[in-house]
Amino acid sequence: MILVTGATGKTGGATLQALTKLGAPVRALVRDPNKWHVPEGVEVAVGHFEDPASLDAALQGVEKAYLVGASTEQQVEQESAFVAAARRAGVRHLVRLSVIGADQPGVGAMRFAAYHQILERVVRESGLPWTFLRPNGFMQNYLGQAQSLAQQGVFYSSLSPAAKVSHIDALDIGAVAAKTLTEPGHEGQAYTLTGPEPLSDDDIAARFSTVLGRPIKHIQVPLAGTRETMLANGFPAWNVDGLAELWALYETGAAAGVAPDVERLLGHPARSFEDFVRDHLTTFGG
Ligand SMILES: NC(=O)c1ccc[n+]([C@@H]2O[C@H](COP(=O)([O-])OP(=O)(O)OC[C@H]3O[C@@H](n4cnc5c(N)ncnc54)[C@H](OP(=O)(O)O)[C@@H]3O)[C@@H](O)[C@H]2O)c1
């Protein structure tokens, strides 16, 4: 049995999808099963990281697990609780979603990557056999701007026109996760997962325009404005400041590299931004 955490989220959902396609026995850990359509063939365990007893119950009879934590100030405590429960349950392989660059020295200035660096250490020190997936920013983040893309043909960004990022489709992350969970030979490996090409906001607008068949523009918003809007919309200040750190990193070109791991592991090129937009045509108003 394989337990997938974050099953309602971007990579957990994609991992579940890829595992069910392979016919693997899967159980999904979900907080609220009522807000989720359970895919056929998937067992459900109701629970969350703050409730160790629910994790023990979810991990009964589980041999392998996919661990993805939410980006919160409590992420280290939350995922550490899962790692401890996985140890108690005798899990034989833990595949953990990390972030690109989590192994680099000096990530302390970037809270998201710093948490991932700590959590990679927690997993290594647990003695559980592990695989780390270190992805770049997800293409699925653009779904958060689907309404303005569909209704006004625009998306907003605080990046400068020169900044490029090799965004990855979460479907590729799910496919890699499923492969590492069902094949031997991935224990002790860390994979850097990127999309097929670095893209600026201009490039992304051009790709949206081509696939949607109408002009899409990006509107550059000063960081202070974005910060104000996000705080007003209820985003915690910890996350908003973390995003500002991430965007500052994007400006340096550090997230523009293309790594070979997705193509090497899956045997085909990483999915393109066009593929991603085509998958969500109606949502983006195509
Ligand atoms: N987004 C990116 O571009 C990106 C890039 C690289 C790495 N990452 C990493 O990916 C991870 C996921 O981030 P995301 O923003 O993409 O989120 P996500 O996976 O789309 O959603 C988070 C998932 O975690 C579940 N969850 C939240 N709190 C939980 C708790 N206390 N106990 C159990 N499950 C809980 C959520 O369930 P509910 O549906 O119940 O809320 C949801 O399924 C983070 O570690 C982030 O650093 C993200």
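All of the points below concern the structure found in this document. What you see as residue numbers is a count from 1 along each chain, following the sequence as written. This being a predicted model, a pLDDT of at least 70 is required before a residue's local features are given, and a value of 80 or more before pairs of side-chain atoms are given or counted; all residues contribute to the totals for chains, interfaces and linings. Note: side-chain values were computed over all heavy atoms of the structure, leaving out hydrogens and water.

## Some words on the overall build of the protein
Which entries qualify depends on this criterion: A helix here means a DSSP run of H or I that spans at least four residues, while a strand means a run of E at least two residues long, and both kinds are numbered starting from the N terminus. As a reference, a globule follows 2.2 Å times the number of residues to the power 0.38, and the radius of gyration itself is taken over C-alpha atoms. In this scheme, a residue with accessible area under 20% of its type's maximum is buried, one over 50% is exposed, and one in between is partly exposed, where area comes from a 1.4 Å probe on protein chains only. Method for areas: the Shrake-Rupley scheme with a 1.4 Å probe, in which residue coverage is limited to the protein chains shown. Here Asp and Glu are counted as negative and Lys and Arg as positive; His is not counted, and neither are the chain ends. We put the charge of a Lys on NZ, of an Arg on CZ, of an Asp on CG and of a Glu on CD.
Counting secondary structure elements, the protein contains 11 helices and nine strands. A compact globule built from 286 residues would reach a C-alpha radius of gyration of about 19 Å, and the protein, at 19 Å, matches this within 12%. Along the longest, intermediate and shortest principal axes, the C-alpha atoms of the protein span 50 × 40 × 40 Å. Looking at the protein residue by residue over its 286 residues, the buried ones come to 48%. In the structure as shown, the protein presents an accessible area of about 13000 Å², 53% of it carried by carbon and sulfur atoms. Side-chain charges of the protein comprise 23 positive and 30 negative groups, with the mean position of each set lying 2 Å from the other.

## Re the side chain of aspartate 261
Selection criterion: Any pair of nitrogen or oxygen atoms within 3.5 Å is treated as a polar contact; in protein, a donor-acceptor pairing is required on top of that, and neighbouring residues in sequence qualify only through side-chain atoms on both sides. By the convention used here, residues are in contact when the closest approach between their heavy atoms is within 4.5 Å.
Examined against the element boundaries, aspartate 261 turns out to sit in helix H10 (residues 261-266). Side-chain polar atoms of aspartate 261 contact the backbone nitrogen of threonine 192, separated by 2.8 Å. Among residues more than four places away in sequence, those in contact with aspartate 261 are Ala190, Tyr191, Thr192 and Leu193.

## What about helix H7 (residues 201-212)?
Selection criterion: Expected helix span is taken as 1.5 Å per residue step, with the number of steps being one fewer than the number of residues.
For H7, with 12 residues, the first-to-last C-alpha span of 16 Å sits near the 16 Å given by 1.5 Å per residue. Buried residues of H7: Asp201, Ile204, Ala205, Arg207, Phe208, Ser209, Val211 and Leu212, and no others. Buried positions along H7 lie against helix H5 (146-152), strand S7 (154-157), strand S9 (217-220) and helix H11 (273-279). Residue glycine 213 follows H7 closely and has a positive phi angle near 75 degrees.

## Quick notes on the pairing of strand S4 (residues 64-67)
Selection criterion: Strands pair, by our definition, only if DSSP identifies at least two bridges between them. For a crossover, the right-handed case is the one in which the path from the first strand over the helix to the second runs clockwise, viewed with the strands pointing away from the viewer.
Every second residue of S4 is oriented toward a common face, with Lys64 and Tyr66 on one face and Ala65 and Leu67 on the other, all of them buried. Bridging between strand S1 (residues 2-4) and S4 involves three bridges; their strand directions are parallel. By the bridge assignment, valine 4 is partnered in S4 with tyrosine 66. Note that S4 and strand S5 (residues 93-97) share four bridges and pair parallel. The partner of alanine 65 across the bridge, within S5, is leucine 94. Handedness of the crossover is the feature at issue here: the chain leaves S4, passes through helix H3 (residues 75-89), returns alongside S5, and the resulting connection is right-handed.

## Some thoughts on the pattern of salt bridges
Keep this limit in mind: The working definition used for a salt bridge is a side-chain nitrogen of Lys or Arg within 4 Å of a carboxyl oxygen of Asp or Glu.
One pass over the structure, following the stated rule, counts 17 salt bridges. In this structure, the salt-bridge partner of arginine 134 is aspartate 103, at a minimum N-O distance of 3.4 Å. Taken together, the positions of arginine 134 in strand S6 (residues 130-135) and aspartate 103 in the loop between S5 and helix H4 (111-126) put the pair 31 residues apart, joining distant regions of the chain. On the basis of relative accessible area, arginine 134 is assigned to the buried category, the value being 7%. Note on aspartate 103: relative accessible area 42%, which makes it partly exposed. As a salt-bridge pair, glutamate 245 and arginine 111 come within 2.7 Å of each other at their nearest N and O atoms. Highlighted residues: glutamate 245 in helix H9 (residues 237-251) and arginine 111 in helix H4, separated in sequence by 134 residues. Connected through shared salt-bridge partners, Asp103, Glu120, Arg124 and Arg134 make up one network.

## A word on the packing of aromatic side chains
Aromatic ring pairs are described here by two measures, namely the spacing of the ring centres and the angle between the planes. Put simply, the rule is: Aromatic rings from Phe, Tyr and Trp, taking only the six-membered ring of Trp, are treated as a pair when their centres fall within 6.5 Å; an angle between ring planes under 30 degrees marks them as stacked, one over 60 as edge-to-face, and anything in between as tilted.
This structure, assessed with the given rule, holds 12 aromatic pairs. With a centroid separation of 6.1 Å and an interplanar angle of 80 degrees, the aromatic rings of phenylalanine 49 and phenylalanine 82 are classed as edge-to-face. Highlighted residues: phenylalanine 49 in the loop between strand S3 (42-46) and helix H2 (52-58) and phenylalanine 82 in helix H3, separated in sequence by 33 residues. The pair phenylalanine 49 / phenylalanine 82 is uniform in exposure class, with both members buried. On the basis of an interplanar angle of 90 degrees and a centroid distance of 5.4 Å, the ring pair of tyrosine 142 and phenylalanine 273 is categorised as edge-to-face. Pair noted here: tyrosine 142 is in the loop between S6 and H5 and phenylalanine 273 is in helix H11, with a separation of 131 residues, a long-range link. Aromatic ring contacts, followed pair by pair, group Tyr142, Phe155, Phe208, Phe273, Phe276 and Phe284 into a single cluster.

## Section: the nonpolar core
Put simply, the rule reads: We call a set of buried residues a nonpolar core when its members are Ala, Val, Leu, Ile, Met, Phe, Trp, Tyr or Cys and they connect through side-chain atoms within 4.5 Å of each other.
Ranked by size, the top nonpolar core spans 30 residues in total, and within it Leu16, Leu19, Tyr66, Leu133, Ile173 and Leu193 carry the most contacts. Those elements that provide at least two residues to this core are S1, helix H1 (10-21), strand S2 (26-30), S5, helix H6 (170-182), strand S8 (189-193) and H10. In terms of residues, this core owes the most to one element, H6, which gives five residues. Counting 20 residues, the second largest nonpolar core, distinct from the first, contains Leu3, Ala58, Leu67 and Leu94.

## Re the sheet that holds S1
Operational definition: Angles here are taken between N-to-C directions and fall from 0 to 180 degrees, while the axes themselves are lines fitted to C-alpha atoms, restricted in helices to the stretch in contact.
Read from one edge to the other, the open sheet built from seven strands follows the order S3-S2-S1-S4-S5-S6-S8, with strand pairing classed as parallel. Each having just a single partner strand, S3 and S8 make up the two edges of the open sheet. The mean inter-strand angle of the sheet, taken between neighbouring strand axes irrespective of direction, is 20 degrees. Across five bridges, the pairing between S6 and S8 is parallel. Opposite leucine 133, over in S8, you have tyrosine 191 as the bridge partner. Packing of H6 onto the sheet brings it into contact with S1, S4, S5, S6 and S8, and relative to S4 it is tilted by some 155 degrees.

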